[in-house]
Number of protein chains: 2
Amino acid sequence: MEFDPNLKARLLFQLNEILPAECILTAEEDLRPYECDGLTAYRRVPLAVVLPTTIEQIQAITRACNSLNIPVVARGAGTGLSGGALPDANGIVLGLSRFNQILDIDTDNLTARVQPGVRNLAISQAADQYGLFYAPDPSSQIACSIGGNVAENSGGVHCLKYGLTVHNVLQIKVVTIEGEFLTIGSETFDVPGYDLLALMTGSEGMLGIVVEVLVKLTVKPETVQVLMAAFPDVTDAGDAVAAIISAGIIPAGLEMMDNPAIRAAEAFAKADYPVDAAAILLCELDGIEAEVEEQASRVRAILNLHRASTIHLAKTSGERARLWAGRKSAFPAVGRLSPDYYCMDGTIPRKHLAHVLQKIADFSTQYGLAVANVFHAGDGNLHPLILYDANRHGELEKAEQFGADILALCVQVGGSITGEHGVGHEKLDSMCVQFDSASLETFHAVKRAFDPHELLNPGKAIPTLHRCAELGRMHVHHGQLSHPELPRF
Amino acid sequence: MEFDPNLKARLLFQLNEILPAECILTAEEDLRPYECDGLTAYRRVPLAVVLPTTIEQIQAITRACNSLNIPVVARGAGTGLSGGALPDANGIVLGLSRFNQILDIDTDNLTARVQPGVRNLAISQAADQYGLFYAPDPSSQIACSIGGNVAENSGGVHCLKYGLTVHNVLQIKVVTIEGEFLTIGSETFDVPGYDLLALMTGSEGMLGIVVEVLVKLTVKPETVQVLMAAFPDVTDAGDAVAAIISAGIIPAGLEMMDNPAIRAAEAFAKADYPVDAAAILLCELDGIEAEVEEQASRVRAILNLHRASTIHLAKTSGERARLWAGRKSAFPAVGRLSPDYYCMDGTIPRKHLAHVLQKIADFSTQYGLAVANVFHAGDGNLHPLILYDANRHGELEKAEQFGADILALCVQVGGSITGEHGVGHEKLDSMCVQFDSASLETFHAVKRAFDPHELLNPGKAIPTLHRCAELGRMHVHHGQLSHPELPRF
């Protein structure tokens, strides 16, 4: 449907009153870079992209869009993997890239005040001279922005010990769709009133636009050790993960890869991984020297007890970096095995790891599609990578169905359909599996409390009841699929 | 105003359809025990108290009250200190005391599933045989219930290291005022959708009624050490706290008491406190042996650097218990110094500790009222105890104004008006200092999303804009008191 040209003209007129011309993009070639985020399978060209430089401009833009009923999709660095920043064809993209200043580093209070367009890694780089860092470290940390991290409640390898974004943000400043300016949270650990800070974190740009962030900084650990263990049996590796956590040890990172992932990563990154192992664990321990030494010896004992075939301690920082390089390149490495891959992101209680791996193997046989598994094992966050060839008729659809089955399985064992990548555009249907209609109605009521006309990032993250009803999946409750037509695992 | 007798009759008729007679209290003498919580200064007798035993009964009760427009105040153990469970004279109290079962302890996933009336300490007692405990430990933990802890987002001495209630709850089951049953959260670390788990936690019974809680359990540390340091100067003690945290050490507890509090506690509890010290710090370190040893030596060095006059390490578990007994009895101990005391609860960024203490001393002179200070120093949570005599004309009002000034000071330096006691009935006016009208409007919009007729614990936690306007304090923004009539510090 063609957008009303008069309305578009009114919008552009108002935007031109608010912003200098170089902050408004409308030419086709200027809009193309904004048509998708990291989930490149879906693309839409917005009416315009605006690149404001002041909070007052953002307030004026949202007021204008609210009065004209124009959707607003906020965008950070565009590295998201679930299409959260996919534009609305009848709306604008509000890019925060010019809000790229670190405003303050407070070494007494261990905080940094930053604009939302600041890159995640840039905070740690700026804090490094004070012996501090910003803990959440998504794989995309060299590029992703802190505003996007807040919108997606991003995690990373180190969130097992240091928490997700929500645990590392103290205060945000937000502009609402009505142009109101809100300060949410404080410089201390808690504030009264409803916890709007947690509510906004992970809300995927649907409740407000984050225009400033006060993050916690963490003191850099004195010592870091990385252990790699190889296992002839995947189940033993899964059990070792649960045993480490149950022993009261909280590693800085605890990652697992299965054989296809090991082989792909080794071929790509030459990380000295044992290519015949059924699974490897990478366990990073950090803290003060005596603590790390004692924890490492305990972890070794647990790994031996669970039949690790080899345990290797990285002896130099170069060797540690090489072990991690294999893990961090696992996605592109797997990408070389197959023309296309579909990266899933679900969570499960750790104790179900072995069971879920077996079911994923069964699905792989059933769909005739290979899968490589890479996990944040310590917190039960799975990343199965489904290999397919989009040029073969029907394989994309098979891969998507395979992925949906994995997520439904995660829900069934008490987990969830996303650990850290968000719902965005991609996982709307899986939300119908995760939540019953009463929960979805509550989400919509919360949305309306902030955005009555549903103009902020519309159509993302929370499916309509109608969509779920059409999927016939409204009867999933407490992880039990009670609808007779749905698969049971 | 007399309550409509016909409406009351209809309410009781409906309640009798739902509950056996012994679960409905209406006699004056049966209602009296419910007329206040731990904040005894305010009392109201409700129309009735109901004590359901099943979730279905709770759903039926809220549906009945919603249709009759009758307020519902949920109540746990009634130990709250801000009047959060103060009844509504035209409503019912819904007591959760009969939901007192521990349903499951999962030693693989390190969780406990409990009913809301289970006492905080009972969870740790039940988990003890597995080497586990439930970390948040409010002073009232022997009596307070986990449902109340969720409602107030309770903290405690150990929340510096282990987090508040919100960081230790994975899932809750909730009944809404419309009788809907919601499962919020999951068995894993994160779920998609808006973070309703954090939103409900600390919402003081105003968004829904918690009917089941899945809490995280923590592995008991192998070793615990407690250090007590005495300081001739309060500022040095405050700086030592900031220096310990800045060194990357996260004690299990880090508490501070000033001279009046030390003297009172020592007289009461015989804890071997140095009664001439200007301040003492209690620092608890826990973990594996080597880690605790090394941390203790670092803490000692920091304490010495900040001019501690004595540093004492408790050598036995009996001695550790005695040091803590002094701290834990500080409130009743101070209570013996004066006919009445008013316990405040505010937070500040740690770096402002010395400044805030000086201002509190100035207020004490100005109002002619003594004050004793007890802090969760590590996370900047102050508990000034203002001493007064309610029988002396005007002293209660002076104490309240003194308290309000302290809270306004907390807000001004970037902190908040409550760390862990909640807003309840007591701190409604201080909320007008903490928040601007846009924030309060957002809170009310969230409330209406869950409870359109405002029947759940009405009149608590979030003041009306009208109330704040009458107080003339609507212009406090970003900690700046911009209203010309208001005090500036």
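Residues numbered from 1 in each chain as written. Chains lettered and ligands numbered in written order. Predicted model: local features only at pLDDT ≥ 70, side-chain atom pairs only at ≥ 80, totals over all residues. Heavy atoms only, no water.

Per an unreviewed UniProt entry, chain A goes by FAD-binding protein and derives from Thiothrix unzii. Quoted verbatim from the Cofactor (unreviewed entry) field of the UniProt record, the comment on chain A reads "FAD". (UniProt positions renumbered as here; feature names shortened; annotations may be inferred.)

A. Quick look at the packing of helix α8 (residues 234–246) of chain A against helix α10 (residues 289–305) of chain A. All names here are of chain A. Two elements in contact, α8 and α10, have axes separated by 9 Å at closest approach and are oriented at 145°. The crossing of α8 and α10 is right-handed. Between α8 and α10, the contacting residues are A240, A243 and I244 on the first element and V299, I302 and L303 on the second. Its residues placed into classes, the contact of α8 with α10 shows 6 nonpolar, no polar and no charged. (Axes fitted to C-alpha atoms, helices over the stretch in contact; angles between N-to-C directions. Helix = DSSP H or I, 4+ residues; strand = E, 2+ residues; numbered from the N terminus. Left-handed = near helix turned anticlockwise from the far one by under 90°. Contact = heavy atoms within 4.5 Å. Nonpolar A, V, L, I, M, F, W, Y, C, P; charged D, E, K, R; others polar.)

B. Fine view of helix α11 (residues 317–328) of chain A. Residues and elements named next belong to chain A. Here α11 contains 12 residues, and its C-alpha end-to-end distance of 16 Å stays within 8% of the 16 Å for a straight helix at 1.5 Å per residue. The complete set of buried residues in α11 reads E319, L323, W324, G326 and R327. The buried residues of α11 all sit within an arc of 150° when viewed along its axis, so they share a single face. Exposed side chains of α11 directed beyond 90 degrees from the buried face belong to S317 and K328. (Expected span 1.5 Å × (residues − 1). Buried < 20%, exposed > 50% of the residue type's maximum accessible area, 1.4 Å probe, protein only. Arc of directions from axis to C-beta.)

C. The arrangement of the side chain of A:S82 in detail. Residue and element names in this part refer to chain A. Assignment of secondary structure puts S82 in the loop between β3 (72–75) and β4 (92–95). Note on S82: relative accessible area 1%, which makes it buried. Not counting residues up to four positions away in its chain, the partners in contact with S82 are L39, E152, H421, G422, V423, G424, H425 and E426.

D. Focus on the interface of chain A and chain B. Tallying the contact residues gives 73 residues for chain A and 73 residues for chain B. Counting the surface lost from both chain A and chain B, the interface buries some 5,900 Å², and carbon and sulfur atoms represent 63% of this. Contact with chain B buries area across many residues of chain A, yet A:F189, A:P192 and A:Y194 alone supply 15% of it, more than any other trio. At the junction of chain A with chain B, the criterion picks out 4 salt bridges. A salt bridge links B:D106 to A:K351; its shortest N-O distance comes to 2.4 Å. If you look at where chain A meets chain B, you find 10 residue pairs in polar contact (both at pLDDT 80 or more). It is helix α16 (residues 437–450) of chain A that contributes the most residues to the side of chain A that touches chain B, 9 residues altogether. Residue composition of the side of chain A that touches chain B, by class: 32 nonpolar, 25 polar and 16 charged. (Buried area = accessible area lost by both parts, 1.4 Å probe. Salt bridge = Lys/Arg side-chain N within 4 Å of Asp/Glu carboxyl O. Polar contact = N/O pair within 3.5 Å; in protein donor to acceptor, adjacent residues only side chain to side chain.)

E. Here's a closer look at helix α3 (residues 55–68) of chain B. Residues and elements named next belong to chain B. An ideal rise of 1.5 Å per residue puts 20 Å on 14 residues; α3 measures up with 20 Å between its terminal C-alpha atoms. Burial runs high along α3: 10 of the 14 residues are buried. The positive-phi residue at the C-terminal boundary of α3 is N69, with phi of around 65°.

F. Just the state of the cysteines, in detail. All names here are of chain A. Summed over the entire model, instances satisfying the criterion amount to 2 disulfides over all chains. Residue C432 pairs covalently with C468 via a disulfide, S to S 2.0 Å. Every disulfide takes its handedness from the sign of the S-S torsion; for C432 and C468 that torsion is -80°, giving left-handed. With C432 in helix α15 (residues 428–434) and C468 in helix α17 (residues 465–471), this pair connects stretches of sequence that are 36 residues apart. The buried category is assigned to C432, whose relative accessible area is 0%. Overall, C468 belongs to the buried group, its relative accessible area being 0%. (Disulfide = S-S within 2.5 Å.)

G. Structural detail: empty space enclosed by the protein. Counted under the stated rule, the structure contains 5 cavities of 30 Å³ or more. Put simply, the largest cavity is a space of about 110 Å³. Contributing to the lining of the largest cavity are 13 residues, with A:I184, A:G185, A:L196, B:F435 and B:F443 lying nearest its centre. Among the elements that make up the lining of the largest cavity, the one with the highest residue count is strand β9 (residues 181–185) of chain A (4 residues). Of the residues that constitute the lining of the largest cavity, the class distribution is 9 nonpolar, 3 polar and 1 charged. As a volume, the second largest cavity reaches approximately 60 Å³. Along the walls of the second largest cavity sit B:D137, B:P138, B:S139, B:G156, B:V157, B:R327, B:K328, B:H376 and B:E420, which together make up its complete lining. Here the residues of the lining of the second largest cavity are counted per class, giving 2 nonpolar, 3 polar and 4 charged. (1 Å grid on protein atoms, 1.4 Å probe; cavity = no way out; pocket = protein on both sides within 12 Å on 5 of 7 lines; lining within 4 Å. Points joined across faces, edges and corners; volume = space filled by probe spheres on them.)

H. Seen up close, the confidence of the model for chain A. In the predicted model, chain A carries a mean pLDDT of 92, and 96% of its residues have values of at least 70. Ignoring residues within four places in sequence, the model shows residues 473–489 of chain A, a span with pLDDT below 50, making 39 contacts including any to other chains. (pLDDT = per-residue confidence, 0-100.)

I. Quick look at the sheet that holds β9(A). Residues and elements named next belong to chain A. Across the sheet, which stays open at both edges, the 5 strands sit in the order β5-β6-β10-β8-β9 with antiparallel pairing between neighbours. The two strands at the open ends of the sheet, each matched to only one other strand, are β5 (102–106) and β9. For this sheet, the mean inter-axis angle between neighbouring strands, taken without regard to orientation, is 15°. Pairing geometry for strand β6 (residues 111–114) and strand β10 (residues 209–216), over 4 bridges, is antiparallel. Looking at the pairing, V114 lines up with V213 of β10. With respect to the sheet, helix α4 (residues 120–127) is in contact with β5, β6 and β10, its orientation differing from that of β5 by roughly 45°. (Pairing = 2+ DSSP bridges.)

J. Region of the structure containing the domain arrangement of chain A. Residues and elements named next belong to chain A. Structurally, chain A comprises domain 1 (5–95), domain 2 (102–219), domain 3 (223–327) and domain 4 (334–481). A C-alpha centroid distance of 23 Å is found between domain 1 and domain 2. For the domain 1 and domain 2 pair, buried surface summed over both sides reaches about 1,200 Å², with 66% attributable to carbon and sulfur atoms. Between the two partners, domain 1 and domain 2, sit 0 salt bridges. Our count for the contact surface shared by domain 1 and domain 2 stands at 5 residue pairs in polar contact (both at pLDDT 80 or more). Those elements that place two or more of their residues in the side of domain 1 that touches domain 2 are α3 (55–68) and β3. Considering each element in turn, the side of domain 1 that touches domain 2 owes the most residues, 6 residues, to α3. The residue inventory of the side of domain 1 that touches domain 2, partitioned by class, reads 6 nonpolar, 7 polar and 1 charged. (Domains from an automatic or database assignment.)

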